[in-house]
Amino acid sequence: MTLLDDVAERDGWRCWVCDEPVDPDMSVNDPRGPSVDSRTADRKAKIPERLAHRGCNTRKGAVKVEIAWPERLYVSEPAALIAVTARLERKGGREVVGRCPTRKDAQEAADWLADRLTRLTPELPLTATVEPGGGQFLLVLSTARR
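Each value, and the rule that gives it
- Residues numbered from 1 in each chain as written.
- Predicted model: local features only at pLDDT ≥ 70, side-chain atom pairs only at ≥ 80, totals over all residues.
- Heavy atoms only, no water.
- Buried < 20%, exposed > 50% of the residue type's maximum accessible area, 1.4 Å probe, protein only.
- Helix = DSSP H or I, 4+ residues; strand = E, 2+ residues; numbered from the N terminus.
- Arc of directions from axis to C-beta.
- Pairing = 2+ DSSP bridges.
- Axes fitted to C-alpha atoms, helices over the stretch in contact; angles between N-to-C directions.
- Polar contact = N/O pair within 3.5 Å; in protein donor to acceptor, adjacent residues only side chain to side chain.
- Contact = heavy atoms within 4.5 Å.

(A) Quick peek at helix α3 (residues 81-91). When we look at burial in α3, the residues that qualify are Leu81, Ile82, Val84, Thr85 and Leu88. Projected onto a plane normal to the axis of α3, the buried residues spread over an arc of 165° and lie on a single side. Residues of α3 that are exposed and point more than 90 degrees away from the buried face comprise Arg90 and Lys91. A positive backbone phi angle near 75° is found at glycine 92, which sits one or two residues after α3.

Structure representation (structure tokens):
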């Protein structure tokens, strides 16, 4: 097996940037084809390689990557998830990542977060919870202190 195959199998053939399936039969030269991405330009960083579409990987080099929150979720002031997970990886603790008007909206967003972050940062055990606060519901990500 090649590095691409190893990384792709581990990541379940899903792009870490857009969270869409990657076709293993697509040419690696096609924008929707598979590629291996290190997530950082710093070779000393201990961040494992991740699977990405060739186009997502190329675009990531030109602009700062941000994980989009789905439009179906009703979240006010959604946090930048890459920055939040980086801080939680470094320091641990907890961060509020958004606000929702109802508990149902907040729970739907928390469920999406928990699922999405298992693919974004599989090595970091994160918990997404809902807490009432100020007449709304807060989305909180937490992990053990480092």
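So much for the structure itself; the text now carries on.
(B) Inspection of the sheet that holds strand β5 (residues 136-143) at higher detail. Spatially, β3-β5-β4 is the arrangement adopted by the three strands of the open sheet, whose pairing is antiparallel. Where the open sheet ends on each side, the last strands, each with one partner, are β3 (93-100) and β4 (127-133). Each adjacent strand pair in this sheet contributes to an overall mean axis angle of 30°, direction not counted.

(C) Expanded view of the side chain of threonine 143. Structurally, threonine 143 can be placed in strand β5. At 2.8 Å, the side chain of threonine 143 forms a polar contact with the backbone oxygen of proline 125. What threonine 143 contacts, discounting residues up to four positions off in sequence, is Leu88, Gly92, Gly93, Leu124, Pro125 and Leu126.

(D) Highlighting unusual backbone geometry. Despite not being glycine, tryptophan 13 shows a phi value in the positive range, around 55°. Among the structural elements, tryptophan 13 can be located in the loop between α1 (3-10) and β1 (34-37). Judged by its relative accessible area of 16%, tryptophan 13 is buried. In the Ramachandran plot, glutamate 77 falls in the positive-phi region, its phi being about 50° despite a non-glycine side chain. Mapped onto the elements, glutamate 77 comes out in the loop between α2 (54-62) and α3. By relative accessible area, which is 61% here, glutamate 77 ends up exposed.

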